[in-house]
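Structure assessment
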Amino acid sequence: MDPLTFDDEDLHLRVDRGMFERFNLNSPIHTFRVPLRRLGALVHDKKPHKLGQLFFGIVRDPNSELYGTARFDFRFAGSEAVQVPPGDEPLFRAGFSQVAVLAGRRVV
């Protein structure tokens, strides 16, 4: 199976062989890698005309939601936040819906 990828400006997300990887193309030191079964993603401060922040981390329970993860479900937030314009959040939701299917997990 080919890797599943998602690109948004300088952000590159990739799922391959059960691993999720986040790359900031401007700074390779901000790479984040985690098994899909432990991935959590959360959009914080999602308001109509303001940038949201997307966080990636490791969840305590591998059965928790993959996208829309509740803050208390995170065991560890492993990457700096990504700025998400309000109009782009549905694109991230759609991309993470595909990732959730591969992981056998839910999207809130």
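Cut-offs used in this document
Residues numbered from 1 in each chain as written. Predicted model: local features only at pLDDT ≥ 70, side-chain atom pairs only at ≥ 80, totals over all residues. Heavy atoms only, no water. Helix = DSSP H or I, 4+ residues; strand = E, 2+ residues; numbered from the N terminus. Expected span 1.5 Å × (residues − 1). Buried < 20%, exposed > 50% of the residue type's maximum accessible area, 1.4 Å probe, protein only. Arc of directions from axis to C-beta. Contact = heavy atoms within 4.5 Å. Core = buried A, V, L, I, M, F, W, Y, C linked by side-chain atoms within 4.5 Å.

1. Considering helix α1 (residues 89–103)
Taking 1.5 Å per residue as the helical rise, α1 with its 15 residues ought to reach 21 Å, and the 20 Å between its terminal C-alpha atoms agrees with that figure. Among the residues of α1, E89, F92, G95, F96, V99 and A100 are the ones counted as buried. Seen end-on, α1 carries its buried residues on one side only, within an arc spanning 150°. Taken together, the buried residues of α1 touch β1 (4–8), β2 (11–16), β3 (19–24), β5 (39–44), β6 (52–59) and β8 (82–84). Immediately beyond the C-terminal end of α1, within one or two residues, lies G104, with a positive phi of roughly 70°.

2. Quick look at the nonpolar core
Counting 21 residues, the largest nonpolar core has F20, L39, L54, F56, Y67, F92 and F96 as its most contacted members. Of all elements in the fold, only β2, β4 (32–35), β5, β6, β8 and α1 reach the threshold of two or more residues within this core. If you tally residues by element for this core, the top one is α1, at four residues. Excluding anything up to four places from it in sequence, F92 contacts F6, D8, L11, L13, L54, Y67 and V84.

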